[in-house]
Amino acid sequence: NYGGNCKGLDFRNATHVYSTFSAFMALDTVNGRAMCWGDRNDGGNCKRLDFHNVIHVYSTSSAFMALDRVNGKGLCWGNKNYGGNCKGLDFRNATHVYSTFSAFMAL
């Protein structure tokens, strides 16, 4: 599954769409909700994440990172070897995020 099947998803409130190699994410910045589909190992599952205060999402080939600038938190999911784990990191005062094929960097 390379993200090609979005049957049954409702995109009416989606304000942005992002992608990895084999997953997609549609973000509703107004209501703080998101839908992810595709390969769950590459970011295709974000059901339990809270996207309130998230304005930007970044991606590597196999992971996503959503930055909550209000609370200084980063949400990372997907393949942990490609940036899918940022647990315990402090993103307060981060103003820029950059990504490569397999990593994120926040300044």
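Notes on the structure follow.

Definitions and cut-offs
- Residues numbered from 1 in each chain as written.
- Predicted model: local features only at pLDDT ≥ 70, side-chain atom pairs only at ≥ 80, totals over all residues.
- Heavy atoms only, no water.
- Patch = residues over 30% accessible without salt bridge, like charges linked within 9 Å, V, L, I, M, F, W, Y side chains within 5 Å.
- Areas by Shrake-Rupley, 256 points an atom, 1.4 Å probe, with all protein chains shown as cover.
- Salt bridge = Lys/Arg side-chain N within 4 Å of Asp/Glu carboxyl O.
- Buried < 20%, exposed > 50% of the residue type's maximum accessible area, 1.4 Å probe, protein only.
- Disulfide = S-S within 2.5 Å.
- Helix = DSSP H or I, 4+ residues; strand = E, 2+ residues; numbered from the N terminus.
- Core = buried A, V, L, I, M, F, W, Y, C linked by side-chain atoms within 4.5 Å.
- Contact = heavy atoms within 4.5 Å.

On the surface, Y98, M105 and L107 cluster together into a nonpolar patch covering about 320 Å² of accessible area. By relative accessible area, M105 is classed as partly exposed at 45%.

In this structure the tally under the stated criterion is two disulfides. Two residues share a disulfide in this structure: C36 and C46, whose sulfurs sit 2.1 Å from each other. Measuring handedness by torsion sign, the sulfur bridge of C36 and C46 sits at about 100 degrees and is right-handed. Of the two residues, C36 is situated in strand β3 (residues 33–38) and C46 in the loop between β3 and β4 (54–59); the sequence distance between them amounts to 10 residues. In this structure, C36 and C46 share a single accessibility class: buried.

A few words now on the nonpolar core. Nonpolar side chains in soluble globular proteins tend to end up buried together. Of all hydrophobic cores here, the largest spans 13 residues; its most connected members are M25, F51, V57 and W77. Mapped by element, the contributors of at least two residues to this core are β2 (23–28), β4, β5 (63–68) and β6 (73–78). The leading source of residues in this core is β2, at three residues.

Turning our attention to the pattern of salt bridges. For the structure on display, the rule yields two salt bridges. Salt-bridge contacts for R12 lead to D10; the nearest nitrogen and oxygen are separated by 2.7 Å. By relative accessible area, R12 is classed as exposed at 72%.

On to the side chain of T20. Along the polypeptide, T20 turns up in the loop between β1 (16–19) and β2. Owing to a relative accessible area of 10%, T20 belongs among the buried residues under this scheme. Dropping the residues within four chain positions of it, T20 is found in contact with D42, S59, T60, S61, S62, A63 and F64.

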